[in-house]
Amino acid sequence: MNKNIKEMRIVIVGAGPSGLGLARVLQLKGCKNVKIYERSTHKYSRLQGSSLDLHANLGQKLIIAAGLQEQFAAFSRPDGECFSFCDKSGILKIRKPYLKIASKRPEIDRGDLRDIIMDSLLPDTIEWDYHFKSLKQIENDQIEITFTNNDGTIVRDAVIADLVIGCDGVHSKVRKYVTLDQFKPEYMGITMIEGEIQDAKNSCPEIYNLVNQGLMFVMEDGIVMFAQQKTDGNIVFSFAQKVDKDWINNQGFNLSVNSNPSSSSSSSSSDDDDIKNYLKNKLIPSWSPIFHKLIDLSMAPFKPRVLYRAPINQEWKSQSNITIIGDAAHSISPFAGLGCNIALYDSFELANILTNDIDCTNQKSLLEKIENFEKNMLNRWRTAAKETMENENSVFLPNGIDALKKRIGGFYYYFNCILSVNKVVNYINYFTDLILLTK
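Residues numbered from 1 in each chain as written. Predicted model: local features only at pLDDT ≥ 70, side-chain atom pairs only at ≥ 80, totals over all residues. Heavy atoms only, no water.

**Quick look at the overall build of the protein**
Then, number 1: Within the protein, the regular secondary structure consists of 16 helices and 17 strands.
Then, number 2: Across the 439 residues that make up the protein, the buried fraction comes to 55%.
Then, number 3: Sequence-distant contacts in the protein: of pairs separated by 6 or more residues, those separated by 24 or more amount to 73%.
Then, number 4: When the accessible surface of the protein is split by element, carbon and sulfur atoms take 49% of a total near 20000 Å². (Helix = DSSP H or I, 4+ residues; strand = E, 2+ residues; numbered from the N terminus. Buried < 20%, exposed > 50% of the residue type's maximum accessible area, 1.4 Å probe, protein only. Contact = heavy atoms within 4.5 Å. Areas by Shrake-Rupley, 256 points an atom, 1.4 Å probe, with all protein chains shown as cover.)

See the structure below:
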């Protein structure tokens, strides 16, 4: 007889948004024996980066299932939906303004999203400083998992689980136990360097005005530059370029993806000076001084984003008591804003499939549920992957950039220069705020 999902010991590896969201919905559905094991030593040991837009038909489904609509509304920003395209001279070319009352993809800072889900979990759901090392199948269809502390110096007591879900990101260590090491993410040929400035409104008003509380793009000279405002008024920016996978090491830059300004492993001031000099004098020497000023104002440390994506043809035979979701299953490039959205939808759907028959006498086997989920997940991801690959190809090709502007800008691509569209939209936003339809 199948064990009821309520009685199962469920282990989630990784405390990113998908792992946290999955735990929250499972707990609401009656699964109280859910634990998350996270390699970070504590809640604030990793920088959370920029913000992301949650789509009504994807990421927000998880928010609703988790009962966190009020918290999400309090921290999300419809004004973050503004898209602006500039040239390297710093001249605004196209702007798609945000219309609050029609908001379907509000932005939320990654740290805020993590915190509102994390704070909703049952006490002691998360075990910090647990670095996944290996697992093995044992009797009674259970799994024994080995963890160490983050630096590998201490072996933790073995953890026994009935179901393991890997939510441990693009470099997942759980993945090989699901796919049997058949498929691994591939380097996309794109590396990004990310920086952040504080109090952008006062420190760098030129960039602040171009970003306009949302997201700004510059796509010239084979370089893609993004700048995005966060809730605290900081602006996160990235420069993306096509280079070899080992480019960062070959340049001699001391960059760590998890660098924290308070960490002893953070890059030194000389390292940051080297990166600033590279960006200004080698990468974008002919760009407007406002972009050089942005680079000079960046807080230490700079962070690398070496981009990987899962092979589009990946398929595997489902396991009876292990699965993976999010980037661990299907890493995707960031050029359509879909990565976290489909990861959260994975959490939403997996929780529902696991618990749909939670109160039934005759339940489907765990293997049947995992097979059903993984089939849906991979089909959904392939559709999203094709869209993001189209955008990725567009941003680095001169003849593709205009097509991308048309697709994102839509109506505003044709009429921004003819009509005072931004002024009209601002008046509508002001009015809906005044009568309390929006915030």
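**Things to note about the sheet that holds strand E15 (residues 235-242)**
Then, number 1: With mixed pairing, the seven strands of this open sheet are ordered in space as E5-E4-E13-E14-E15-E12-E16. One side of each edge strand has no neighbouring strand; the edge strands of this open sheet are strand E5 (92-96) and strand E16 (303-309). Averaged over all neighbouring strand pairs, the angle between strand axes comes to 20 degrees, with direction disregarded.
Then, number 2: Sheet analysis places strand E12 (residues 186-197) next to E16, joined by six bridges and oriented antiparallel. Across the sheet, residue Met192 finds its bridge partner in E16, namely Arg305.
Then, number 3: Contacts from helix H10 (residues 289-296) reach E12, strand E13 (215-220), strand E14 (223-229) and E15, with the element oriented near 110 degrees to E15. (Pairing = 2+ DSSP bridges. Axes fitted to C-alpha atoms, helices over the stretch in contact; angles between N-to-C directions.)

**A word on the packing of helix H1 (residues 17-28) against helix H4 (residues 110-118)**
Then, number 1: Contact geometry of H1 with H4 gives a least axis separation of 9 Å together with a crossing angle of 25 degrees. Judged by the angle between their axes, H1 and H4 are roughly parallel. Every pair of crossing elements has a handedness; the one defined by H1 and H4 is left-handed. Counting all contacts with H1, which are made through Pro17, Leu20, Gly21 and Arg24, the residues of H4 involved are Leu113, Arg114, Ile117 and Met118. (Parallel < 35°, antiparallel > 145°, perpendicular 65-115°, else oblique. Left-handed = near helix turned anticlockwise from the far one by under 90°.)

**Here's the deal with the sheet that holds strand E11 (residues 163-166)**
Pairing between the strands of a sheet is mediated by backbone hydrogen bonds and can be parallel or antiparallel.
Then, number 1: The five strands lie next to each other as E7-E2-E1-E11-E17, forming an open sheet whose pairing is parallel. Looking at which strands have only one partner, the edges of the open sheet turn out to be strand E7 (126-128) and strand E17 (322-324). If you compare each strand with its neighbour and ignore which way they point, the axes differ by 20 degrees on average.
Then, number 2: Bridging between strand E1 (residues 10-13) and strand E2 (residues 34-38) involves four bridges; their strand directions are parallel.

**With respect to the nonpolar core**
Then, number 1: Ile10, Leu113, Ile145, Val164 and Ile165 are the most contacted members of the largest nonpolar core, which totals 74 residues.
Then, number 2: Those residues in contact with Ile165 that lie beyond four places of it in its chain are Ile10, Val11, Ile12, Val13, Leu22, Thr323, Ile325 and Leu350.
Then, number 3: Judged by nonpolar contacts, the second largest core, of 33 residues, contains Ile193, Leu210, Ile248 and Ile275. (Core = buried A, V, L, I, M, F, W, Y, C linked by side-chain atoms within 4.5 Å.)

**Quick look at the side chain of Glu38**
Then, number 1: Following the sequence through the fold, Glu38 ends up in strand E2.
Then, number 2: Within the structure, the side chain of Glu38 is placed 2.8 Å from the backbone nitrogen of Ala15, a separation counted as a polar contact.
Then, number 3: Here the side chain of Glu38 touches Ser40 through a polar contact of 2.7 Å, side chain to side chain. (Polar contact = N/O pair within 3.5 Å; in protein donor to acceptor, adjacent residues only side chain to side chain.)

**Notes on the packing of aromatic side chains**
Then, number 1: Counted according to the given criterion, the structure contains 17 aromatic pairs.
Then, number 2: Relative to Phe147, the ring of Phe132 lies with its centre 6.0 Å away and its plane at 80 degrees, an arrangement referred to as edge-to-face. Taken as a pair, Phe132 in strand E8 (residues 131-138) and Phe147 in strand E9 (residues 142-148) lie far apart in primary sequence, 15 residues in all.
Then, number 3: Phe132 gets classed as buried once you look at its relative accessible area, which sits at 3%.
Then, number 4: Members of the aromatic cluster, each reached through a chain of ring pairs, are Tyr37, Tyr130, Phe132, Phe147 and Tyr177.
Then, number 5: Sitting over the face of the ring of Tyr130, Arg156 holds its NZ or CZ atom 4.8 Å from the ring centroid. (Phe/Tyr/Trp six-rings, centres within 6.5 Å; stacked < 30°, edge-to-face > 60°. Lys NZ or Arg CZ within 6 Å of the ring centre and 35° of its normal.)

**A closer look at H1**
Then, number 1: With 12 residues, H1 extends 16 Å from end C-alpha to end C-alpha; this agrees with the ideal 16 Å at 1.5 Å per step.
Then, number 2: Burial within H1 is extensive, with 10 of its 12 residues counted as buried.
Then, number 3: When H1 is considered as a whole, its buried residues turn out to be Ser18, Gly19, Leu20, Gly21, Leu22, Ala23, Arg24, Val25, Leu26 and Gln27.
Then, number 4: Positioned one or two residues after H1, Gly30 has a phi angle of 110 degrees, which is positive. (Expected span 1.5 Å × (residues − 1).)

**Here's the deal with the environment of Glu220**
Then, number 1: As for its position among the elements, Glu220 is in strand E13.
Then, number 2: For Glu220, a relative accessible area of 23% translates into the label partly exposed.
Then, number 3: Put simply, Glu220 and Trp287 are 67 residues apart on the chain and 9.3 Å apart in space, counted from C-alpha to C-alpha.
Then, number 4: If we skip the residues at most four places from it in the chain, Glu220 touches Asp87, Lys88 and Trp287.
Then, number 5: Here the side chain of Glu220 touches Lys88 through a polar contact of 2.9 Å, landing on its backbone nitrogen.

**Notes on a nonpolar patch on the surface**
Then, number 1: A cluster of nonpolar side chains, Leu99, Ile101, Ile428, Ile435 and Leu437, forms an exposed patch at the surface whose accessible area comes to about 420 Å².
Then, number 2: Tracing the backbone shows Leu99 in the loop between E5 and strand E6 (107-109). (Patch = residues over 30% accessible without salt bridge, like charges linked within 9 Å, V, L, I, M, F, W, Y side chains within 5 Å. Salt bridge = Lys/Arg side-chain N within 4 Å of Asp/Glu carboxyl O.)

**Quick look at the environment of Gly30**
Then, number 1: Following the sequence through the fold, Gly30 ends up in the loop between H1 and E2.
Then, number 2: As a C-alpha pair, Gly30 and Ile5 span 25 residues in sequence and 8.8 Å in three-dimensional space.

**Quick word on the side chain of Thr179**
Then, number 1: Locating Thr179 in the fold gives a position in helix H5 (residues 175-179).
Then, number 2: Aside from chain neighbours lying at most four places away, what touches Thr179 is Trp316 and Ile324.

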